[in-house]
Amino acid sequence: MRIDIITVLPELLKSPFEASILKRAISAGLVEVHLHNLRDYTTDNYKSIDDTQFGGGAGMVMMIEPIDKCISQLKAARTYDEVIYMTPDGKTLNQGMANTLSLKENIIILCGHYKGVDQRVRDLLITKEISIGDYVLSGGELGAAVLCDAVIRLIPGVLGNETSALTDSFQDNLLAPPIYTKPREYKGMKVPEILFSGHFAKIEKWREDKAYEHTKERRPDLLED
Ligand code: ADE
């Protein structure tokens, strides 16, 4: 998979890809992440990427020209499955969307700033708009990092143990069951006995029951879907 991220703050997007699972995925050649500084696609001496709103109003608007130039150059080199715009009024990211995106070949992610982008960018160039939650961030970069993390860990081969993504919360619309490790007892709190039974089918059934209980208590909305 190849991910091209268009941003005015590439420095904000370096460290998420320099540690742990994302770093390993890149080193193993399972994903390529390319950062593009939008200012490199400007045509004026000031490297302007934004301007005031037509009709008046507070806040700057990102202009279409540099964005179109950057996306057009990328599209001239390969075909893209999605051009995603990170925005608080997009569709809220969930595990199903991450699963779907993890199967794509090439995606572009555009990070918004200020008041956002000129509507014509959204009408002409964007195929999917994604929010990471009902709150407003200063820009789309942190949202893009969250999206990339959620997607990249699902690419086949990225997680060491292939089954571990299958037991994550939200797979099958359930939250994950409780997990335990050593010590067997801590300050009087014991690990449930069933986990030492060696009876795999019973342990699996216990985990399913716990996942269901946990979901019913915390996120009953997930069970309605
Ligand atoms: N940009 C600003 N706020 C955002 C959000 N909640 N999700 C995605 N991108 C954003």
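So, how was this worked out
One numbering rule holds for all chains: residues counted from 1, following each sequence as written. With the structure being a predicted model, the display of local features is reserved for residues of pLDDT at least 70 and the display and counting of side-chain atom pairs for 80 or more, all residues being used for whole-chain, interface and lining totals. Joining buried Ala, Val, Leu, Ile, Met, Phe, Trp, Tyr and Cys residues through C-beta atoms within 7 Å gives a set, and that set is a nonpolar core. With C-beta atoms placed from the backbone, a residue is buried if 20 or more other C-beta atoms are within 10 Å of its own, exposed if 12 or fewer are, and partly exposed between those counts. In DSSP terms, a helix is any run of H or I states spanning at least four residues, a strand is any run of E spanning at least two, and both are numbered starting from the N terminus. The contact rule is simple: place each C-beta atom from the backbone, and if two of them lie within 7 Å, those residues are in contact. Strands are treated as partners if at least two bridges between them are detected by DSSP. Only C-alpha atoms enter the line fits that serve as axes; for helices the fit covers just the stretch in contact. Angles between N-to-C directions range over 0 to 180 degrees. In this scheme, a helix's expected span is set at 1.5 Å multiplied by one less than its residue total. Should the C-beta atom of a residue, placed from the backbone, lie within 6 Å of a molecule or strand, that residue is near it. Residues are grouped as follows: nonpolar covers Ala, Val, Leu, Ile, Met, Phe, Trp, Tyr, Cys and Pro; charged covers Asp, Glu, Lys and Arg; every other residue, Gly included, is treated as polar. UniProt positions are given in the numbering used here, feature names are shortened, and annotations may be inferred rather than shown by experiment. For every domain, the bounds stem from an assignment made automatically or drawn from a database. Confidence scores here are pLDDT values: one per residue, from the predictor, ranging 0 to 100. Arc definition: it is the arc formed by the directions from the helix axis to the C-beta atoms.

## As for the nonpolar core
One broad trend across soluble globular proteins is that nonpolar side chains are buried collectively.
Okay, so step 1: The biggest cluster of nonpolar side chains holds 39 residues, and the ones touching the most others in it are Ile67, Ile84, Ile109 and Leu110.
Okay, so step 2: Secondary-structure elements contributing two or more residues to this core are strand E1 (2-7), helix H1 (20-27), strand E4 (60-62), helix H2 (64-77), strand E5 (82-92), helix H3 (95-101), strand E6 (106-111) and helix H5 (141-152).
Okay, so step 3: With six residues, H5 is the single largest residue contributor to this core.
Okay, so step 4: Not counting chain neighbours up to four residues away, the residues in contact with leucine 110 comprise Ile6, Ile67, Val83, Ile84, Tyr85 and Met86.

## Overview of the sheet that holds E6
Okay, so step 1: The strand order across the open sheet formed by five strands is E2-E1-E6-E5-E7, and the pairing between neighbours is parallel. Edge positions in the open sheet fall to strand E2 (32-37) and strand E7 (128-131), since each of these has one partner strand only. Sheet twist, expressed as the mean angle between neighbouring strand axes with direction ignored, is 30 degrees.
Okay, so step 2: Its contacts with the sheet place H5 against E1, E2, E5, E6 and E7, and it is angled at close to 155 degrees to E6.

## Points about H5
Okay, so step 1: Between its first and last C-alpha, H5 extends 16 Å over 12 residues, near the 16 Å set by a 1.5 Å rise per residue.
Okay, so step 2: When we look at burial in H5, the residues that qualify are Glu141, Gly143, Ala144, Ala145, Leu147, Cys148, Val151 and Ile152.

## Side note on the site of the ligand
Okay, so step 1: The local shell around the ligand consists of Met86, Thr87, Pro88, Gly112, Ser131, Ile132, Gly133, Tyr135, Val136, Leu137, Gly140 and Gly143.
Okay, so step 2: For the shell around the ligand, the element with the highest residue contribution is E5, accounting for three residues.
Okay, so step 3: Class assignment of the residues belonging to the shell around the ligand gives a composition of six nonpolar, six polar and no charged.

## Description of the UniProt feature "binding site: S-adenosyl-L-methionine" (unreviewed entry) in the protein chain
Okay, so step 1: Annotation from UniProt places "binding site: S-adenosyl-L-methionine" (unreviewed entry) at Gly112, Ile132, Gly133, Asp134, Tyr135, Val136 and Leu137.
Okay, so step 2: Examined against the element boundaries, glycine 112 turns out to sit in the loop between E6 and helix H4 (119-124).
Okay, so step 3: Leaving out residues up to four positions away in the same chain, glycine 112 has contacts with Met62, Tyr85, Met86, Thr87, Val117, Gly139 and Gly140.
Okay, so step 4: Once residues lying within four places of it in the same chain are set aside, the contact partners of leucine 137 are Leu142 and Gly143.

## Observations regarding the domain arrangement of the protein chain
Okay, so step 1: In terms of domains, the protein chain is made up of domain 1 (2-152) and domain 2 (171-224).
Okay, so step 2: Between the C-alpha centres of domain 1 and domain 2 the distance comes to 37 Å.

## Re unusual backbone geometry
Okay, so step 1: The omega torsion across lysine 182 and proline 183 is 0 degrees, close enough to zero to call that bond cis.
Okay, so step 2: As for its position among the elements, proline 183 is in the loop between H5 and strand E8 (185-186).
Okay, so step 3: Phi is positive for tyrosine 114, close to 55 degrees, though the residue is something other than glycine.
Okay, so step 4: Position of tyrosine 114 among the secondary structure elements: in the loop between E6 and H4.
Okay, so step 5: The phi torsion at aspartate 172 lies on the positive side, around 60 degrees, for a residue other than glycine.
Okay, so step 6: Here aspartate 172 shows up in the loop between H5 and E8.

## Structural notes on the confidence of the model for the protein chain
Okay, so step 1: Residue-level pLDDT values for the protein chain average 96, and 99% of them are 70 or greater.
Okay, so step 2: The ipTM value of the predicted complex is 0.98, and its pTM value is 0.95.

## A closer look at H2
Okay, so step 1: Taking 1.5 Å of rise per residue, the 14 residues of H2 would be expected to cover 20 Å, and the 20 Å separating its terminal C-alpha atoms lies within 8% of that figure.
Okay, so step 2: Those residues of H2 that fall on the buried side of the exposure criterion are Pro66, Ile67, Cys70 and Ile71. The arc that holds every buried residue of H2, seen down its axis, measures 120 degrees, which confines them to one face. Opposite the packed face of H2, turned more than 90 degrees from it, sit the exposed residues Ser72, Gln73 and Ala76.

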